[in-house]
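Descriptive analysis of the structure
Take a look at the letters that make up each chain.
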Amino acid sequence: MIELPQQLVRVGAQATDKHDAIRQVAALLAAGGDVDPQYVEGMFAREAQANTFLGHGIAIPHGTPESRHLIRRTTVAALQLPQGVDWGEGADGPVHLVIGIAAASDEHLQILRRLTRVLGDEAHVKRLWTTPTHGTSSRR
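The paragraphs below set out a description of the structure included in this document. (Residues numbered from 1 in each chain as written. Predicted model: local features only at pLDDT ≥ 70, side-chain atom pairs only at ≥ 80, totals over all residues. Heavy atoms only, no water.)

1. Brief notes about the sheet that holds strand 2 (residues 9-10)
The strand order across the open sheet formed by five strands is 2-5-6-4-3, and the pairing between neighbours is mixed. Every interior strand has two partners, whereas the edge strands, strand 2 and strand 3 (53-55), have only one. The pairing of strand 4 (residues 58-59) with strand 6 (residues 95-102) spans two bridges and is classified as parallel. For Ile58, the partnering residue across the bridge sits in strand 6 and is Leu97. Sitting on the sheet, helix 1 (residues 18-31) touches strand 2, strand 5 (75-85) and strand 6, and the angle it makes with strand 5 is about 145 degrees. (Pairing = 2+ DSSP bridges. Helix = DSSP H or I, 4+ residues; strand = E, 2+ residues; numbered from the N terminus. Contact = heavy atoms within 4.5 Å. Axes fitted to C-alpha atoms, helices over the stretch in contact; angles between N-to-C directions.)

This is the structure in structure tokens:
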């Protein structure tokens, strides 16, 4: 099960481009005090190294190893973009669900495994794109 407190989830959002989407999901991570606001720069650096598009309309922006010192506690935030946003080269369509990851160590691998199980069901993911509520958990 992946549980997200309501303050780490934003539904019905809009983003002008992927940088705006990354900025918004980073702001969710920072608002809870789990990361320093400068962590967003590490997320931009990671995106410049490799596109974080996962598939099925999902992107998983996260920081670089060099930005780990800006993480106070491992956490995940979710940004729902019903209209989608272009994630650039390597993406096979628009991104509708942005999962921001802040992992202080190799915990991100466990998070990715759990996300892959939850987000592997395309029909389930499409429901997450359009749900109008801040559902706080998803069981898988």
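2. Remarks on the pairing of strand 6
Counting buried positions along strand 6 gives eight out of eight residues, so the element sits mostly inside the fold. Judged from the seven bridges that link them, strand 5 and strand 6 form a sheet pairing that is antiparallel. Within strand 6, the position partnered with Thr75 by the bridge is Ala102. (Buried < 20%, exposed > 50% of the residue type's maximum accessible area, 1.4 Å probe, protein only.)

3. A look at helix 2 (residues 39-49)
Along an α-helix, residues three or four positions apart point the same way, because every turn accommodates 3.6 residues. Taken together, the buried positions of helix 2 are occupied by Tyr39, Val40, Gly42, Met43, Phe44 and Glu47. Tucked inside the fold, the buried residues of helix 2 contact helix 1 and strand 6.

4. Digging into the nonpolar core
One finds Ala21, Tyr39, Leu81, Trp87 and Val98 to be the most contacted residues of the largest nonpolar core, which totals 27 residues. Counting residues per element, the ones that place at least two in this core are helix 1, helix 2, strand 5 and strand 6. It is helix 1 that provides the largest number of residues to this core, a total of seven residues. Those residues in contact with Leu81, other than ones at most four positions away along the chain, are Ala13, Gln14, Ala15, Ala21, Val95, His96 and Val98. Counting eleven residues, the second-largest nonpolar core is a separate cluster that includes Leu4, Val9, Ile58 and Val76. (Core = buried A, V, L, I, M, F, W, Y, C linked by side-chain atoms within 4.5 Å.)

5. Looking at the pairing of strand 5
For strand 5, the buried fraction is high: nine of the eleven residues fall into the buried class. Strand direction decides the pairing type here: strand 2 and strand 5, joined by two bridges, are parallel. From the neighbouring strand, Arg10 faces strand 5, where its bridge partner is Leu79.

6. Some points on helix 1
The terminal C-alpha atoms of helix 1 lie 20 Å apart, and with 14 residues this matches the ideal 20 Å at 1.5 Å per residue to within 8%. Those residues of helix 1 that sit buried are Lys18, Asp20, Ala21, Ile22, Gln24, Val25, Ala26, Leu28, Leu29 and Ala30. As for helix 1, its buried residues are in contact with strand 2, helix 2, strand 5 and strand 6. Of the residues flanking the start of helix 1, the one acting as N-cap is Asp17, its side-chain oxygen 3.1 Å from the backbone nitrogen of His19. Looking one or two places after helix 1, you find Gly33, whose phi comes out positive at around 80 degrees. (Expected span 1.5 Å × (residues − 1). Polar contact = N/O pair within 3.5 Å; in protein donor to acceptor, adjacent residues only side chain to side chain.)

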